[in-house]
Protein chains: 2
Amino acid sequence: MNVLIDNLSGAPIYDQIFTQIKAQIISGELKENEMLPSIRGLAKDLRISFITTKRAYEELEREGFIYTVQAKGCYVAPKNVELLREENLKKIEANIEEIVQLAATCNLSGTELIEMVKFALEEKL
Amino acid sequence: MNVLIDNLSGAPIYDQIFTQIKAQIISGELKENEMLPSIRGLAKDLRISFITTKRAYEELEREGFIYTVQAKGCYVAPKNVELLREENLKKIEANIEEIVQLAATCNLSGTELIEMVKFALEEKL
DNA sequence: TAATCTGTATATAATTATTATATACAGATA
DNA sequence: TATCTGTATATAATAATTATATACAGATTA
């Protein structure tokens, strides 16, 4: 596994770790049930406290990307797409409701709104 | 003018002042070019430092809701429709950013996302 | 013109939130 | 038993936020 800490980035260390591992899980670079480096091992590699790597792993677990087996290690969680969908769809629907409302109050047309979404989607690629 | 500070609200004082005055300007309760209470006078009424009321007024001015005349006072800015539109656009952009992110993490395709937005738009009619 | 309004500028105190850490602990494994 | 694994609690260091006092400068008015 590959994690690089950029001390000049301004982003906190735990967050850099969290973001990079998350990206690797989403991209499939890290497979389901694959074991992650131990929080101590990774900390040693990066020459930081293991509490900091632990914090990154905690975030990953809270968001459902990894699971932990006591005294054994941390593993990439099976991609539970349906569950993630159900949770996120609600949030997405609520947000869409809001932007449609906002668009209406400032005379932004539906077409323009769609264009904005398409633009944001392209930015993400 | 009417401003109430709720010490239990958790929100900072300057923010409570900012929010309440902003709401009164948007609702039209405060008319264009109407003079606001002086930062010192309001501070005295609320029994807080005038630096705190000043901060609230600074925010209001920065967002274009009021304007200041040196040594005279602060006044409600003429309603700028463009300004409100820009405010809403920012919120819309932030929301779109979020839904795109959410969609990505649960493998919801761009096409599907667009469909959801279109659906919500039709519902609004 | 002097007193007293208005807002401004600079420095600072107090508080809270964030970030990173050490140390002591408990289960699993070889 | 030695040594991995993760956990829990307490704490240090830093940074951001919030609120303030004091000294200043222009405008108004009695």
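Bear in mind that the values here come from a model prediction, so they are computed numbers and not experimental data. (Residues numbered from 1 in each chain as written. Chains lettered and ligands numbered in written order. Predicted model: local features only at pLDDT ≥ 70, side-chain atom pairs only at ≥ 80, totals over all residues.)

1. Let's talk about the protein's contact with DNA strand D
Line of reasoning, step 1. Near DNA strand D, the surroundings consist of 21 residues, among which A:S38, B:P12, B:S49, B:I51 and B:A71 are the closest.
Line of reasoning, step 2. Secondary structure elements with two or more residues in the surface near DNA strand D: α2 (39-46) and β2 (73-76) of chain A together with α1 (13-27) and α3 (50-62) of chain B.
Line of reasoning, step 3. Take the surface near DNA strand D: its biggest share by element is 3 residues, from α2(A).
Line of reasoning, step 4. Residues that form the surface near DNA strand D fall into these classes: 9 nonpolar, 8 polar and 4 charged. (Near = placed C-beta within 6 Å. Helix = DSSP H or I, 4+ residues; strand = E, 2+ residues; numbered from the N terminus. Nonpolar A, V, L, I, M, F, W, Y, C, P; charged D, E, K, R; others polar.)

2. Quick look at the pairing of strand β1 (residues 66-69) of chain B
Residue and element names in this part refer to chain B.
Line of reasoning, step 1. In the sheet, β1 pairs with strand β2 (residues 73-76) via 4 bridges, with the strands oriented antiparallel. Bridge assignment links V69 to a residue of β2, and that residue is G73.
Line of reasoning, step 2. Between β1 and β2, which pair antiparallel in sequence order, lie 3 residues; one of them, A71, sits at a positive phi of approximately 65 degrees. (Pairing = 2+ DSSP bridges.)

3. Regarding the interface of chain A and chain B
Line of reasoning, step 1. Opposite the 27 residues of chain A that make contact, chain B presents 27 residues.
Line of reasoning, step 2. Per-element tally for the side of chain A that touches chain B: the top contributor is helix α4 (residues 81-105) of chain A, with 16 residues. (Contact = placed C-beta atoms within 7 Å.)

4. What to know about the protein's contact with DNA strand C
Line of reasoning, step 1. Taken together, 21 residues lie near DNA strand C, and A:P12, A:S49, A:I51, A:A71 and B:S38 sit nearest.
Line of reasoning, step 2. Contributing elements (two or more residues each) for the surface near DNA strand C: α1 (13-27) and α3 (50-62) of chain A together with α2 (39-46) and β2 of chain B.
Line of reasoning, step 3. Classifying every residue of the surface near DNA strand C by side-chain character gives 9 nonpolar, 8 polar and 4 charged.

5. Let's talk about helix α5 (residues 110-124) of chain B
Residue and element names in this part refer to chain B.
Line of reasoning, step 1. For α5, with 15 residues, the first-to-last C-alpha span of 21 Å sits near the 21 Å given by 1.5 Å per residue.
Line of reasoning, step 2. Along α5, the positions that sit buried rather than exposed are L113, V117 and A120. One side of α5 carries all its buried residues, which in axial view fall inside an arc of 60 degrees. α5 presents T111, E115 and E122 as exposed residues on the side facing more than 90 degrees away from its buried surface. (Expected span 1.5 Å × (residues − 1). Buried ≥ 20, exposed ≤ 12 C-beta atoms within 10 Å, placed from the backbone. Arc of directions from axis to C-beta.)

Bear in mind that shape data such as this cannot, by itself, settle questions of function.
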